Amino acid sequence: MQVRTRFAPSPTGFMHLGGLRTALYCYLFTKKHEDGKFILRIEDTDQERLVEGAVEVIYDTLRGCGIHWDEGPDVGGPVAPYVQSERKDSYLPYAKQLIDEGHAYYCFCTKEDLQQRREAAEAQGLTWKYDKHCLHLSKEDIQQKLDSGIPYVVRQNTPVTGDSDFDDLVYGHIMAPNETLDDMVLIKADGMPTYNFANVIDDHLMGITHVIRGMEYLSSTPKYNLLYKALGWDIPQYIHLPTVMRDSKHKLSKRDGDAYYSDFVKKGYLTEALINYLALVGWNPGDEREFFTMEELQQAFSVEGLSKSPAIFDINKLTWFNAEYIRKLDADKYLELAKPWFDSVLDGKGIDYTRLAQLMQGRTEVFNRIPEMVAFLGERPAFDTSLYENKKQKSSLETTPDALKLSISLLDSVSDWTEENIHKALMEGIAAAGLKNGTVLWPLRIALSGLLSTPGGAIEIAFLLGREESMRRLESALDQLA
RNA sequence: GGCCCCUUGGUCAAGCGGUCAAGACACCGCCCUUUCACGGCGGUAACAUGGGUUCGAGUCCCAUAGGGGUCACCA
């Protein structure tokens, strides 16, 4: 049997990381199977939440992540259209059929009515559930309301006795008493289907064999199954996914400012690192491997490796992955990606970006941390002379003036300002003076950078700064000590 | 509150009746080193609780507790 899955996002304008992970698993699962088809379906039944350009965001994100769909709005397919608003007319007939067979009914209750009854029930400490009020309307009554144009919705008529159960590939056997199932709205007053209904209809019409989605749908699945049965359709296999959490109490949400794919890209996280990490939140390959390309993920993925418990999104580990991926970048690629960040604080300063990139690549965890690490090359920050003191390097406020003077004369003797020459001049001069490297190099680096730690040592920094700027900084450092 | 799901170190997690309970991130220490980082070595740290079942339980069952989800004319 051909495996057909679907990723069905709402076009909200952003790609949530939880959604991205769902898409990823869905894609991986499908590619695991011979001739499996991964379908992209846009769920835009909520006309009030339409966002301009939102569908493009979905396309771009998925493609950028290496997740490719076989059928979808833009590429077409045998069961087009793939946008729910364009399928609007296909839902009502099924709703009518359900009504005729007693599995659904017209409901004329207004939101206000409902609100009132709900509050009344809750005031008594009762659990509110639609009271099937409109189920008991007479045929004539219904027809008359319909004729006079009173707005209506269509509700599912769920049984009040018995149990519903099904098997989930991740969570196993799930059973729920029917009496706890609400008569959910299938068709809204505006004629659009609700997600709950459109989903069932489309999944069937599109031949979806495996429904892969977040576990927030686990408890409404019995209701969907009732619909499948009423329509005489086969129920698909279910694969519900554990939630991605921000911490033990909250799921990763929009308001944290770091729940969207674009947030991370903006900060300087690499897509490959994000995908790699995301794949491991809620799934493991069963062995010790941690690094995966998309191809390797396709190979390694299996439903058995999916976990049931919610997983906390660990920015720390993501950052580690990112740093690892950055280190593996080609030097050219790194420079290309780092340049805008260098420019943000060093534009026009004449710094050798190629050399700077070499020094920075191994120290960059996230690109947005670059500016604060290299800004000192553009302008030395004010610093306290106590930085010169370092016991281990045998450097103190007493040894510093002489060390800086020696540095100045040594650097002054360098004819061609290359790192090699600077290194040679300093090392030989320090040895000749009978000093320890640290005694000279430590204060030199402090004087040049004004920083306790820098990307590179005194020699690299002197080189990057250039002779003129280096000398200027050393002289002013000496003044500061006087 | 009803219903559903979940519960191994701070985090991700292996384990699928018999292990001194893996590994990774983070953290700490040491080494390397002209700082930092990288790298190398080492360390701290866990089976939520209580009952069963069993020769034997993190692994099976039942409670309790804690957490999450869901109860919309949102998806």
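Calculation criteria
Residues numbered from 1 in each chain as written. Chains lettered and ligands numbered in written order. Predicted model: local features only at pLDDT ≥ 70, side-chain atom pairs only at ≥ 80, totals over all residues. Heavy atoms only, no water. Helix = DSSP H or I, 4+ residues; strand = E, 2+ residues; numbered from the N terminus. Buried < 20%, exposed > 50% of the residue type's maximum accessible area, 1.4 Å probe, protein only. Areas by Shrake-Rupley, 256 points an atom, 1.4 Å probe, with all protein chains shown as cover. Lys, Arg positive; Asp, Glu negative; His and termini not counted. Charge placed at Lys NZ, Arg CZ, Asp CG, Glu CD. Domains from an automatic or database assignment. Contact = heavy atoms within 4.5 Å. Buried area = accessible area lost by both parts, 1.4 Å probe. Salt bridge = Lys/Arg side-chain N within 4 Å of Asp/Glu carboxyl O. Polar contact = N/O pair within 3.5 Å; in protein donor to acceptor, adjacent residues only side chain to side chain. 1 Å grid on protein atoms, 1.4 Å probe; cavity = no way out; pocket = protein on both sides within 12 Å on 5 of 7 lines; lining within 4 Å. Points joined across faces, edges and corners; volume = space filled by probe spheres on them. Nonpolar A, V, L, I, M, F, W, Y, C, P; charged D, E, K, R; others polar. Pairing = 2+ DSSP bridges. Near = heavy atom within 4 Å. Patch = residues over 30% accessible without salt bridge, like charges linked within 9 Å, V, L, I, M, F, W, Y side chains within 5 Å.

### Some words on the overall build of chain A
Item 1. Check the secondary structure of chain A and you find 18 helices and 11 strands.
Item 2. Projected onto the principal axes, the alpha-carbon positions of chain A cover approximately 110 × 55 × 35 Å.
Item 3. Looking at chain A as a whole, 50% of its 482 residues are labelled buried.
Item 4. For chain A, the exposed surface amounts to about 23200 Å²; the carbon and sulfur share of it is 50%.
Item 5. The distance from the centre of the 53 positive side-chain charges to the centre of the 72 negative ones in chain A is 3 Å.

### Some details on the domain arrangement of chain A
Item 1. For chain A, the domain assignment lists domain 1 (4–87 + 244–312), domain 2 (91–241), domain 3 (330–377) and domain 4 (385–481).
Item 2. Facing the 10 residues of domain 3 at the interface are 12 residues of domain 4.
Item 3. Considering only the surface of domain 3 that becomes buried against domain 4, R355, F376 and L377 emerge as the three largest contributors, covering 55% of it.
Item 4. Seen at the junction of domain 3 and domain 4, the total is one salt bridge.
Item 5. For the salt bridge of R355 with E419, the shortest nitrogen-to-oxygen distance reads 2.5 Å.
Item 6. Summed over the shared surface of domain 3 and domain 4, the result is three residue pairs in polar contact (both at pLDDT 80 or more).
Item 7. Contributions of two or more residues to the side of domain 3 that touches domain 4 are made by α13 (353–361) and α14 (370–378).

### Describing empty space enclosed by the protein
Item 1. Taken as a whole, this structure holds one cavity of 30 Å³ or more when the rule is applied.
Item 2. Roughly 30 Å³ of internal volume is contained in the largest cavity.
Item 3. Forming the boundary of the largest cavity are S164, D165, P222, N225, L226 and K229.
Item 4. Broken down by secondary-structure element, the contributors of at least two residues to the lining of the largest cavity are β5 (163–168) and α7 (221–231).
Item 5. The element best represented in the lining of the largest cavity is α7, accounting for four residues.
Item 6. Residue classes in the lining of the largest cavity are distributed as two nonpolar, two polar and two charged.

### Concerning the layout of surface pockets
Item 1. The volume enclosed by the largest pocket comes to roughly 1100 Å³.
Item 2. Lining the largest pocket we find 39 residues, and of these P9, S10, G19, E216 and Y217 sit closest to its centre.
Item 3. With four residues, helix α1 (residues 17–31) is the single largest residue contributor to the lining of the largest pocket.
Item 4. Broken down by class, the residue content of the lining of the largest pocket amounts to 16 nonpolar, 12 polar and 11 charged.
Item 5. When residues are assigned to domains, the lining of the largest pocket turns out to be shared by domain 1 (4–87 + 244–312) and domain 2 (91–241), each giving three or more.
Item 6. One number sums up the size of the second largest pocket: a volume of about 600 Å³.
Item 7. Around the second largest pocket, the lining comprises 23 residues; the ones closest to its centre are K111, V153, V185, K188 and A189.
Item 8. Looking at the lining of the second largest pocket, the elements that each hand over two or more residues are α4 (111–123) and β4 (153–156).

### Remarks on the pairing of β5
Item 1. Here β5 shows a buried face lined by S164, F166 and D168 and an unburied face lined by D163, D165 and D167.
Item 2. In terms of strand pairing, β5 meets strand β6 (residues 172–177) through six bridges, oriented antiparallel. Residue pairing for β6: D168 is matched across the bridge by G172.
Item 3. Hairpin connection from β5 to β6: three residues lie between these consecutive antiparallel strands.

### Let's talk about the pattern of salt bridges
Item 1. Within this structure, the stated rule accounts for 21 salt bridges.
Item 2. For K333, the salt bridge identified is with E336, shortest N-O distance 3.7 Å. With K333 and E336 both in helix α12 (residues 331–346), this residue pair falls three residues apart, about one helical turn.
Item 3. Taking the relative accessible area as the measure of exposure, K333 reaches 38% and is therefore partly exposed.

### A closer look at the protein's contact with RNA strand B
Item 1. Around RNA strand B, 64 residues are found, and the nearest of them are K188, N284, K317, R363 and G456.
Item 2. Interatomic distance of 3.2 Å between a backbone N/O atom of C109 and a base nitrogen of RNA strand B.
Item 3. R445 is positioned with one of its side-chain polar atoms (N or O) 3.2 Å from a base oxygen of RNA strand B.
Item 4. Broken down by secondary-structure element, the contributors of at least two residues to the surface near RNA strand B are α4, β4, β6, α6 (195–205), β11 (311–312), α11 (315–327), α17 (437–449) and α18 (458–481).
Item 5. Residue contributions to the surface near RNA strand B peak at five residues, all from α11.
Item 6. Class assignment of the residues belonging to the surface near RNA strand B gives a composition of 25 nonpolar, 19 polar and 20 charged.

### Looking at a negative patch on the surface
Item 1. On the surface, a cluster of negative charge is made up of D163, D165, D167 and E179.
Item 2. Tracing the chain through its elements places D167 in strand β5.
Item 3. By relative accessible area, which is 48% here, D167 ends up partly exposed.

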